[in-house]
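# Survey of secondary and tertiary structure
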Amino acid sequence: MDQMGEVDYGPGEPKGTAWHPHRGFETVTYIIDGTFQHQDSNGGGGLITNGDTQWMTAGGGILHIEAPPEELVVSGGLFHGFQLWVNLPARLKMTPPRYQDIRAGQVALLSSADGGALLRVIAGSFSGHDGPGITHTPISLVHATVSAGAQVRLPWRKDFNSLAYVLAGSGTAGAEKRPIRMGQLAVFGAGDAITFAAGPKGDMDVLLLGGEPIREPVAAYGPFVMNTRAELTQAFEDFQAGRLGSIPATPHPGHDVL
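Here's what I pulled together on the structure shown here. (Residues numbered from 1 in each chain as written. Predicted model: local features only at pLDDT ≥ 70, side-chain atom pairs only at ≥ 80, totals over all residues. Heavy atoms only, no water.)

### Regarding the sheet that holds strand 18 (residues 178-181)
- Strand order across the open sheet formed by four strands is 15-20-17-18, with antiparallel pairing between neighbours. With one partner strand each, in any of the chains shown, strand 15 (151-155) and strand 18 form the two edges of the open sheet. For this sheet the average axis-to-axis angle between neighbouring strands, irrespective of direction, equals 30°.
- In this sheet, strand 18 lies alongside strand 17 (residues 170-173) in antiparallel orientation, the contact comprising four bridges. (Pairing = 2+ DSSP bridges. Helix = DSSP H or I, 4+ residues; strand = E, 2+ residues; numbered from the N terminus. Axes fitted to C-alpha atoms, helices over the stretch in contact; angles between N-to-C directions.)

Here it is, written out as C-alpha cells:
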C-alpha cells in the first residue's frame, strides 16, 4: 500500500506515471482529496476525486497510466489518497482485465451505535450493508472516521486477516489500547471483532483492510505479482512482445476525429 500525501502541491509539482504494465493482481486507488486521471489499454478509465475509487484488475495483463489532470498540474493544490495492490490467487492470475469506477455516492455509509464513527464501506459487507466494490476473493475495505475520544468495536469475519492503517490523527488499536498514529499499521490477531479508538484531541481516519488469506507463494518484481520466478520472466517477455495490450491512440491537438 502506498499513501499519496497528504500534500499541498505548488504549481507544476503534481506528477503522475508514464504508461506501464501490470499482471497478476489488482490496483485499488482511493482519493480522499484532489483529482486523479486513469486510462488503460482495456478501455477503462476516468477522473476520480474526493471519495472516489478506481478498482483495476490487471489479471493476465494490462497497460495503464495515472496522472493528475492538467489544470491541477498548473495550479497545484491539496492531494491525498492511497493505492493498494490486491493479490490474485494462482487460478485468477490470468483472468481478463476489468475496471470499476466507484463513486463516493455509491459507497455504503454506516455509523457506529453511538454515532462516534462514520464508516464508508468500499468493498465487503458490514451489518448487512454491502460495499459496491466487486472482488475476486473475499475482501473488506472500509474508510472509518472516528470522532475524538470515541471507541469503536466492529464485527469482523473470523476467517479474514485484519489490518488498520491510520490515514490521519492518532489513537489506540486493540483491546489493549496500544498507541497508533498517522502512517502506522496495526495488525490484529484472531477473533470476530476489531477495536480501535481516537485520541482526545482530534478525529482519527483509519483504513480497515482484510480478506481471506490466499496462502500461496508470491513472486513479485516491479509491476508484476505472480507465484513463481518463471511466471515473472514470462510476464516480462510478454510485455516486451506487446502481448499485454496497446497504448490507445491519442488524437493530435487541433485535428478532429471523424
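On we go.
### Observations concerning the nonpolar core
- Grouped together as the largest cluster of nonpolar side chains are 26 residues, with contacts concentrated most on Phe126, Val146, Leu154, Ile194, Phe196, Met204 and Leu208.
- Elements supplying a minimum of two residues to this core: strand 10 (108-111), strand 11 (117-123), strand 14 (139-146), strand 15, strand 16 (161-168), strand 20 (193-198) and strand 21 (204-211).
- The contacts of Phe196, once residues within four sequence positions are left out, are Ala144, Val146, Ala150, Gln151, Val152, Leu154, Thr172, Ala173, Met204, Val206 and Leu208.
- Core analysis: the second largest hydrophobic core is formed by 17 residues, Ile32, Val86, Ile102 and Ile139 among them. (Core = buried A, V, L, I, M, F, W, Y, C linked by side-chain atoms within 4.5 Å. Buried < 20%, exposed > 50% of the residue type's maximum accessible area, 1.4 Å probe, protein only. Contact = heavy atoms within 4.5 Å.)

### A look at the pairing of strand 3 (residues 25-33)
- With eight of its nine residues buried, strand 3 lies for the most part within the structure.
- Sheet topology places strand 3 next to strand 8 (residues 77-87); eight bridges connect them, and they run antiparallel. When the bridges of strand 8 are listed, Tyr30 appears paired with Phe82.
- The pairing of strand 3 with strand 6 (residues 53-57) spans five bridges and is classified as antiparallel. For Tyr30, the partnering residue across the bridge sits in strand 6 and is Thr53.

### Quick look at the layout of surface pockets
- In this structure, the largest pocket encloses a volume near 460 Å³.
- Along the walls of the largest pocket sit 20 residues, with Leu84, Trp85, Val86, Asn161 and Leu163 positioned nearest its centre.
- Secondary-structure elements contributing two or more residues to the lining of the largest pocket are strand 8, strand 14, strand 16 and strand 21.
- Among the elements that take part in the lining of the largest pocket, strand 8 stands out by supplying four residues, more than any other.
- Residue composition of the lining of the largest pocket, grouped by class: 13 nonpolar, six polar and one charged.
- As for the second largest pocket, its lining consists of 21 residues, and the residues nearest its centre are Gly174, Glu176, Val187, Phe188 and Gly189.
- Put simply, the parts of the chain that give the lining of the second largest pocket at least two residues each are strand 18, strand 19 (185-187) and strand 20.
- Among the residues forming the lining of the second largest pocket, the class breakdown is 13 nonpolar, six polar and two charged. (1 Å grid on protein atoms, 1.4 Å probe; cavity = no way out; pocket = protein on both sides within 12 Å on 5 of 7 lines; lining within 4 Å. Points joined across faces, edges and corners; volume = space filled by probe spheres on them. Nonpolar A, V, L, I, M, F, W, Y, C, P; charged D, E, K, R; others polar.)

### A few points about the side chain of Thr29
- Mapped onto the secondary structure, Thr29 falls in strand 3.
- For Thr29, a relative accessible area of 2% puts it in the buried group.
- A polar contact of 2.9 Å, which involves the side chain of Thr29, links it to the side chain of Gln83.
- When residues no more than four places from it in sequence are discounted, the contact partners of Thr29 are Met4, Phe36, Ile48, Asp52, Thr53, Gln54, Glu66, Phe82 and Gln83. (Polar contact = N/O pair within 3.5 Å; in protein donor to acceptor, adjacent residues only side chain to side chain.)

Structural measurements only, silent on function.
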